[in-house]
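Structure assessment
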Amino acid sequence: MFKTVLFPIDQSRAAREAAEVVTNVVQKYGSRLILLSVVEEAAPDAPNADPMMSPEAVAKLLENAQALFSQQGIIAEVLERQGKPAFTICDVADEIEANLIIMGCRGLGLTDEGATDSVTSRVINLSPCPVLIVP
């Protein structure tokens, strides 16, 4: 049913909590697991304080997540992309032919438009496949 599962991650608590659900789904369905983290593009004059704007921090995050799933006997593939998170998540889901996206209900940040238009909300509206939101 869920042959390929995409798990977009950031350094939020919601992403860490969603990992348990991802483990359960992947083990139950024998799914291929793809971990995705998006390096956000910073404005040229903005200070680089957001950890998700650092390719090094994102690479370390993906490495740690891959190790966590490995401890559960799950081989996870990792992808690191650059761009706007919601659009990049949906583009990757389409590219890898994901059958399910699993993500936390609230990540590290909001979109430029604020809380009513979060990354999660945009993914739900743009996704080419079902999205499971973990509260």
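Just so you know, these numbers come straight off a predicted model, no measurement behind them. (Residues numbered from 1 in each chain as written. Predicted model: local features only at pLDDT ≥ 70, side-chain atom pairs only at ≥ 80, totals over all residues. Heavy atoms only, no water.)

**Quick word on the pattern of salt bridges**
For the structure on display, the rule yields 4 salt bridges. Two residues, Lys-60 and Glu-63, come together in a salt bridge whose shortest N-O distance is 3.6 Å. Placement of the pair is Lys-60 and Glu-63 together in helix 2 (residues 55-71), with a separation of 3 residues, close to one helical turn. Residue Glu-63 is classed as partly exposed on the basis of its relative accessible area, which comes to 47%. (Salt bridge = Lys/Arg side-chain N within 4 Å of Asp/Glu carboxyl O. Helix = DSSP H or I, 4+ residues; strand = E, 2+ residues; numbered from the N terminus. Buried < 20%, exposed > 50% of the residue type's maximum accessible area, 1.4 Å probe, protein only.)

**Notes on the environment of Met-1**
Looking at the element boundaries, Met-1 is found in the segment before strand 1 (4-8). A sequence separation of 98 residues divides Met-1 from Asn-99, and the C-alpha atoms of the two residues are 7.7 Å apart. Residues contacting Met-1, with those up to four places away along its chain left out, are Tyr-29 and Asn-99. (Contact = heavy atoms within 4.5 Å.)

**Concerning the confidence of the model for the protein chain**
For the protein chain, the average pLDDT comes to 88, and 84% of its residues sit at 70 or higher. Model confidence for the protein chain, summarised as mean pLDDT per element, is weakest for helix 2 at 93 and strongest for strand 1 at 98. (pLDDT = per-residue confidence, 0-100.)

**Points about the side chain of Ser-12**
The topology assignment puts Ser-12 in the loop between strand 1 and helix 1 (13-29). In this structure the side chain of Ser-12 is engaged in a polar contact, spanning 2.6 Å, whose partner is the side chain of Asp-10. (Polar contact = N/O pair within 3.5 Å; in protein donor to acceptor, adjacent residues only side chain to side chain.)

**A closer look at the sheet that holds strand 2 (residues 32-39)**
Strand order in the open sheet formed by 5 strands is 3-2-1-4-5, with parallel pairing between adjacent strands. A strand with exactly one partner marks an edge of an open sheet, and here the two such strands are strand 3 (76-82) and strand 5 (131-134). In this sheet, adjacent strand axes meet at a mean angle of 25 degrees when their direction is disregarded. Here strand 1 pairs with strand 4 (residues 100-104) via 2 bridges, running parallel. Its bridge partner being in strand 4, Val-5 is matched across the sheet by Leu-100. Against the sheet, helix 2 makes contact with strand 1, strand 2 and strand 3, and its axis sits at roughly 160 degrees relative to strand 2, the strand it touches most. Sitting on the sheet, helix 3 (residues 85-95) touches strand 1, strand 2, strand 3 and strand 4, and the angle it makes with strand 2 is about 150 degrees. (Pairing = 2+ DSSP bridges. Axes fitted to C-alpha atoms, helices over the stretch in contact; angles between N-to-C directions.)

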